[in-house]
Amino acid sequence: MLFWILVAVLTAAVAIALLLPLMRAAAPLPSAHSHDVEVYRDQLEELARDREAGLISQEDAELARAEIGRRLIAANAADEPVREGLPKRVASNRLAQLVILLCLPAIGLGLYLTTGSPGVPAQPLAARLANPGDDVNILIAKAENHLAVNPEDGAGWDLLAPIYMRNGRVDDAVAAYDRAIRLLGGSAARLGGYAEALIVQSGGVVTADAQNALRKALALDPDDPRSEFYLALGLKQEGKHADALAAFRKLAGTSPADAPWLPVVNQHIAELSRSASGEGDALPPGDPTSGDVAAAQEMSPGDRQAMIRGMVDSLAARLKEDPANFEGWVRLIRSYLVLDQREKAANALRDGLKAFPAAGEEGRQLLALGRELGIEASGEEQ
Amino acid sequence: MIIELGHYALVLALATAIIQAALPVLGVRRGDRSLMDLASSAAIVSFLLVFFSFAVLTFAYVTSDFSVRNVWENSHSLKPLIYKVSGVWGNHEGSMLLWLLILVFFSMLVASFGRNLPDTLKANVLAVQAWISTAFTLFILLTSNPFARLVPAPGEGRDLNPVLQDIGLAIHPPLLYLGYVGFSVCFSFAIAALIEGRIDAAWARWVRPWTLAAWTALTAGIAMGSYWAYYELGWGGWWFWDPVENASFMPWLAGTALLHSALVMEKREALKIWTVLLAILTFSLSLLGTFLVRSGVLTSVHAFATDPTRGVFILAILVLFIGGAFALFALRASHLKAGGLFAPISREGALVLNNLILTTATATVLTGTLYPLVLEALTGDKISVGAPFFNITFGLLMLPLLFAVPFGPLLAWKRGDLAGAGQRLFAATAAGLLVAAVLYHAKNGGPILAPLGIGLGAYLILGAVTDLMLRSGIGKVAGRVAARRLAGLPRSAFGTALAHIGLGVTLIGIVAVTAYETETVVEMKPGMLAEAGGGYTLRFDGMREGRGPNYTEDSGHFTVSQGGVKVTEIWSSKRLYSARRMPTTEAGIRTFGLSQLYVSLGDEMAGGGIVVRIWWKPLILCIWGGALFMMTGGIVSLSDRRLRVGTPSRARKAPPLAVGAAE
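Chain B is annotated in an unreviewed UniProt entry as Cytochrome c-type biogenesis protein CcmF of Sinorhizobium kostiense. Here chain B is described in UniProt, under the heading Sequence similarities (unreviewed entry), as follows: "Belongs to the CcmF/CycK/Ccl1/NrfE/CcsA family."

Chain A is annotated in an unreviewed UniProt entry as Cytochrome c-type biogenesis protein CcmH of Sinorhizobium kostiense. In its Subcellular location (unreviewed entry) section, the UniProt entry covering chain A states "Cell envelope".

Next up, the structure:
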């Protein structure tokens, strides 16, 4: 309210200042050339002073005086008689007054209401720091100031990390979780949160680093639903649909009936079982969500390469644990070639042949693939 | 609330400017004095409103009010107070508000001190000023509003670009804008004259001091900017022919021409139409400079794509004002009465030569600056027009001008005596050649042109002194008479001499640095010695870590010795600003007389060494010292009592104070 009163006062003050000259009885205009005449008289005086001071010669002074004199005469001749004081143009002035009175509030309020934010108070930092209330940004800033001075305060980083996450400052969240884990060691919540931050940071992809953290979290707390969910999602993204389905089913089985994540989990189960039974479209390899795809499209080639590498690494790790996955080996070998890592591809072929000996059907297919791609399974003879 | 009041005041300033732009012109048409007087009141009200608005923004910066988007984007709570204040104009929005503030400040000055101006001229001038301020206030409010809010407010700002966190930011932009925008007054006077279709005698007397004031500020602003770039960027250069530099240099060249033609006009009533054209041209170049720097066209032509509204808006302002002004000129210039006649060899003639060369030089710089932009826009080819182009074209153009400069003041008005002036300059010429010869002897083996360049500088300085000596009759009349006459000389004569001396001093600095500078790049480990040039030796003592309020720094310590004796020490550092994770170099600079030793740190190498760049810059301070001379000349000339406009008859009947008090 006070604001609008001040706005009104300001507008009125400006209006009065502008209206005053229109209210005054104006003196008549001097003739157009009277100023010129005055300037020339000044010049003549100046000339006389210069001559007295000996700054110019007599001859020059005469010449100059003659010239200024000519201009003076010309100006005097051109001068029309002084215009009579015009009758007070009351009507026209009234129009001008009206223009001013309308213009100021119309333009002022019209433009201000479209560009301004009348309700927003000033928020000097000192006042906000003194009385933060529920101002999250100030709480963050205070914590940051504290941690800038005490960077070894693990509990502080642990506290700050999820707040960063909630405020969309993902990079800061990753760094804060990382610090907290290094200072305080891992806990299921901390590791799970770290993994989640990593996943959001990489646009929804459950990277190898995230999987590592998730596995550590599960080791500390085998019933952590968040870790189970993201691990299952990771399996699905890698194309290990059967394993993903099993993992999601296990999660659904252990979750309470009213758990908020159940609908999402059930949706994944439904998708995976459809693809497993061959109904509908088979899930594309890696099963990136639409969000993943969008993120990948926006990535620079370098980023995309890094993302592929992350997925390949996690696939390799999984195959080491569970080598009985023929498709997995085929995909890994092809991926390494895409990444131009022939040696790793050859190693993968060798490892794959260990799981599926060359004598068997799958083994022969692997060997055929190796020949097709021009790689030799190093040490396959052993 | 205070923030929003500042915002509202700016909007109200727009409404006032619109009134000031329209009603006084109507008043002039109708011969209605009260409507003309409205211009003065509106100009003062406008200034107060914009000033309040600017003060509010400054308050937001000082109190770190991050609910203002502009503050959040460009400030940081840990920044020292001076950078919080100067940070107000260290960004696009704030700098445009400063631009506007200076514009309305000048309008206010015309309104307050222009009591002696003919009423119609004053009303028209203020109206034209209001057209400009209307356009720029609209630009600010619609595309670059510094009062945009951010809810909820972030807890910390993003900090100011570290390169700008320097005392230079507090001085350089305000001075530069005083210069740029000061020329708007000359522009408004020119447009008012075209509207009225006549040029009063008072016109010339008014335009010259405004030109002088703007020119002095612009000289200071450019020199300050050059020195700032020199010590802050760590490249050791003082002028790069960078488009941003050219953007400020072009109005300076045109303004220098305007200054000289306004002189002819004031004294001789000649070159009237040309002066009007130059006034339009100078401010047009100021606008062009604002456009080039502010639209982002310079860093990349594609900046239009990133923020099309801003660039297009300024372009529209540019087209409107420059196009409109030239169209008006084409329509009305023939109505203006041409001025007096003069012989080719005369003071006027010399000033015309000055004008021709300066405008040609401006055109050269303009071509070199815009050509790459236009070419890229049309064909997509990226070329860069660099220092060699400017050095050759601009340098060759300046050469005859520099030779002619001392002749100008020595020639008589209307018809002069070239041989006589030549004779009188004989001593200066001989001394200049002597300086060149001595220098050539001393520095035998250096570039052959360098001693000649320095000799030319000496000739300029001595030529200016010759003028003062001749005028006061030193050597011809008794010493006491000469001293009295010297003291009695008009201040503008001293102003001229000082400015011309400054030109000579700057020239000497430029030539000396270009020809005799030495650069050494070495990888140094603690304890190592390096020849620094100028007979000095530098020993690297080691690095030290430190921290400032919002940065950390690594400083290298160097001991400077001459002939084995320690002379002084130098700290040179590299800083890392925490908020933007941005490094800067803080070069270590030591001054020896007029020369400087410049030490800049490069990358650290494996094995503990660090790359060190060492420059010996002989006489480099002359470059900016000359600018100081020019500024002093401008100020001295500005204080000349003879510049006051005669009081017209009406004011003599009623004391002028009464009019002033009513406003």
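Attention now moves to the overall build of chain A. Within chain A, the regular secondary structure consists of 18 helices and 0 strands. Of all 382 residues assigned to chain A, the portion counted as buried reaches 31%. Here the analysis covers contacts within chain A between residues at least 6 apart in sequence; of these, 55% occur between residues at least 24 apart.

Next up on the list: the overall build of chain B. Looking only at helices and strands, one finds 23 helices and 9 strands in chain B. The C-alpha radius of gyration computed for chain B amounts to 27 Å, which stays within 12% of the reference 26 Å derived for 663 residues, consistent with globular compactness. Structurally, chain B occupies a C-alpha span of about 85 × 80 × 55 Å along its principal axes. Sequence-distant contacts, at least 24 apart, represent 74% of the contacts inside chain B between residues at least 6 apart.

When two helices pack together, you describe them by how their axes are tilted relative to each other and by the distance separating the axes. Residue and element names in this part refer to chain B. Relative to each other, helix 7 (residues 167-196) and helix 9 (residues 243-268) sit at 45 degrees, their axes nearing to 11 Å. It follows from the interaxial angle that helix 7 and helix 9 lie oblique. The element helix 7 and its partner helix 9 pack so that their crossing is left-handed. Facing helix 7, whose interface residues are Leu 176, Tyr 180, Phe 183 and Cys 186, helix 9 presents Ser 248, Pro 251, Gly 255 and Leu 258. Tallied by class, the residues present in the contact of helix 7 with helix 9 amount to 6 nonpolar, 2 polar and no charged.

Our next topic: helix 7 of chain B. Here helix 7 of chain B contains 30 residues, and its C-alpha end-to-end distance of 45 Å stays within 8% of the 44 Å for a straight helix at 1.5 Å per residue. Looking one or two places after helix 7 of chain B, you find Gly 197 of chain B, whose phi comes out positive at around 80 degrees.

Moving on to the confidence of the model for chain A. All names here are of chain A. Confidence along chain A averages 78 in pLDDT terms, with 82% of residues attaining 70 or more. Taken element by element, the predicted model of chain A shows its lowest mean pLDDT in helix 14 (residues 290-298) (42) and its highest in helix 1 (residues 2-23) (92). Low pLDDT (under 50) marks residues 279-301, which in the prediction has 30 contacts with non-local residues, meaning those over four places away or in another chain.

As a further point, take the interface of chain B and chain A. At the junction of the two partners, chain B supplies 60 residues and chain A supplies 59 residues. Those elements that provide at least two residues to the side of chain B that touches chain A are helix 1 (2-30), helix 2 (33-62), helix 6 (119-143), helix 8 (201-232), helix 19 (479-488) and helix 22 (649-653) of chain B. When its residues are assigned to classes, the side of chain B that touches chain A shows 30 nonpolar, 15 polar and 15 charged.

Residue and element names in this part refer to chain B. With antiparallel pairing, 4 strands are arranged side by side in an open sheet as 1-9-8-7. Only two strands of the sheet have a single partner each, and these edge strands are strand 1 (518-524) and strand 7 (588-592). Each strand of the sheet is rotated relative to its neighbour by a mean of 15 degrees, with strand direction disregarded. Two elements, strand 7 and strand 8 (residues 595-604), share 5 bridges in a ladder whose sense is antiparallel. In the strand pairing of strand 8, Gly 588 is matched with Val 599.

Looking now at the UniProt feature "domain: Cytochrome c-type biogenesis protein H TPR" (unreviewed entry) in chain A. Following the UniProt record, the feature "domain: Cytochrome c-type biogenesis protein H TPR" (unreviewed entry) maps to residues 146-259 of chain A here. This span, residues 146-259 of chain A, is 75% helix and 0% strand, and a straight line between its end C-alpha atoms measures 37 Å.

Residue and element names in this part refer to chain B. Counting through the fold element by element, Asp 554 comes out in strand 4 (residues 551-562). Separated by 372 residues in sequence, Asp 554 and Gly 182 place their C-alpha atoms 42 Å apart. Excluding anything up to four places from it in sequence, Asp 554 contacts Met 543, Glu 545, Ser 573 and Lys 574.

Let's shift gears to the packing of helix 1 of chain B against helix 2 of chain B. Residue and element names in this part refer to chain B. Contact geometry of helix 1 with helix 2 gives a least axis separation of 8 Å together with a crossing angle of 160 degrees. Looking at the two axes, helix 1 sits roughly antiparallel to helix 2. The way helix 1 lies across helix 2 gives a crossing that is left-handed. Partitioning the contact of helix 1 with helix 2 into residue classes produces 27 nonpolar, 6 polar and no charged.

A separate point is the nonpolar core. Judged by nonpolar contacts, the single largest core of 202 residues is most densely connected at Leu 100, Cys 186, Phe 189, Ala 190, Trp 203 and Ala 279 of chain B. Considering each element in turn, this core owes the most residues, 19 residues, to helix 8 of chain B. If we ignore the near neighbours within four places in the chain, the residues touching Ala 190 of chain B are Val 276, Ala 279 and Ile 280 of chain B. Among the nonpolar cores identified, the runner-up in size contains 52 residues, and Tyr 177, Val 265, Trp 329 and Leu 349 of chain A belong to it.

The next thing to look at is the sheet that holds strand 5 (residues 565-577) of chain B. Residues and elements named next belong to chain B. Here 5 strands make up an open sheet; going across it, the order is 2-3-4-5-6 and the pairing antiparallel. Taken across any chain shown, the strands that pair with only one partner, and hence form the sheet edges, are strand 2 (529-533) and strand 6 (582-586). Adjacent strand axes in the sheet meet at a mean angle of 30 degrees when their direction is disregarded.

Attention now goes to the pairing of strand 8 of chain B. Residues and elements named next belong to chain B. Taken across its 10 residues, strand 8 has 7 buried, putting it largely inside the fold. Note: strand 8 against strand 9 (residues 610-617), 7 bridges, orientation antiparallel. Residue pairing for strand 9: Tyr 598 is matched across the bridge by Trp 615. The turn linking strand 8 back onto strand 9 is made up of 5 residues, and Gly 607 within it adopts a positive phi angle of 95 degrees.

Further remarks concern unusual backbone geometry. All names here are of chain B. Val 151 connects to Pro 152 through a cis peptide bond whose omega is -5 degrees. Structurally, Pro 152 is set in the loop between helix 6 and helix 7. Its identity is not glycine, yet Ser 64 carries a phi of approximately 50 degrees, on the positive side. Under the C-beta neighbour-count criterion, Ser 64 is labelled buried, with 24 such atoms within 10 Å. The backbone of Trp 241 shows a phi angle near 55 degrees, a positive value even though the residue is not glycine. Within the element layout of this structure, Trp 241 appears in the loop between helix 8 and helix 9.

Moving on: the environment of Ala 497 of chain B. Residue and element names in this part refer to chain B. Relative to the helices and strands, Ala 497 is located in helix 20 (residues 491-516). For the pair Ala 497 and Met 631, spaced 134 residues apart in the sequence, the C-alpha separation amounts to 12 Å. Among residues more than four places away in sequence, those in contact with Ala 497 are Ala 464, Val 465, Asp 467 and Leu 468.

Here Ile 199 of chain B is to be found in the loop between helix 7 and helix 8. Apart from the residues within four sequence positions on either side, Ile 199 of chain B is in contact with Ala 193, Lys 272 and Leu 336 of chain B.

Residue and element names in this part refer to chain B. When pLDDT is averaged along chain B, the result is 85; 93% of the residues meet or exceed 70. Across residues 300-305 the pLDDT falls below 50, and counting only partners more than four positions away or on other chains, this stretch makes 9 contacts in the model. Predicted confidence is poor over residues 643-663, with pLDDT under 50, and the contacts of this stretch with residues over four places away or in other chains come to 34 contacts. Across the interface, the model reports ipTM at 0.82; the global pTM reads 0.78.

About the thresholds
Residues numbered from 1 in each chain as written. Chains lettered and ligands numbered in written order. Predicted model: local features only at pLDDT ≥ 70, side-chain atom pairs only at ≥ 80, totals over all residues. UniProt positions renumbered as here; feature names shortened; annotations may be inferred. Helix = DSSP H or I, 4+ residues; strand = E, 2+ residues; numbered from the N terminus. Buried ≥ 20, exposed ≤ 12 C-beta atoms within 10 Å, placed from the backbone. Contact = placed C-beta atoms within 7 Å. Rg over C-alpha atoms; globule rule 2.2 N^0.38 Å. Axes fitted to C-alpha atoms, helices over the stretch in contact; angles between N-to-C directions. Parallel < 35°, antiparallel > 145°, perpendicular 65-115°, else oblique. Left-handed = near helix turned anticlockwise from the far one by under 90°. Nonpolar A, V, L, I, M, F, W, Y, C, P; charged D, E, K, R; others polar. Expected span 1.5 Å × (residues − 1). pLDDT = per-residue confidence, 0-100. Pairing = 2+ DSSP bridges. Core = buried A, V, L, I, M, F, W, Y, C linked by C-beta atoms within 7 Å.

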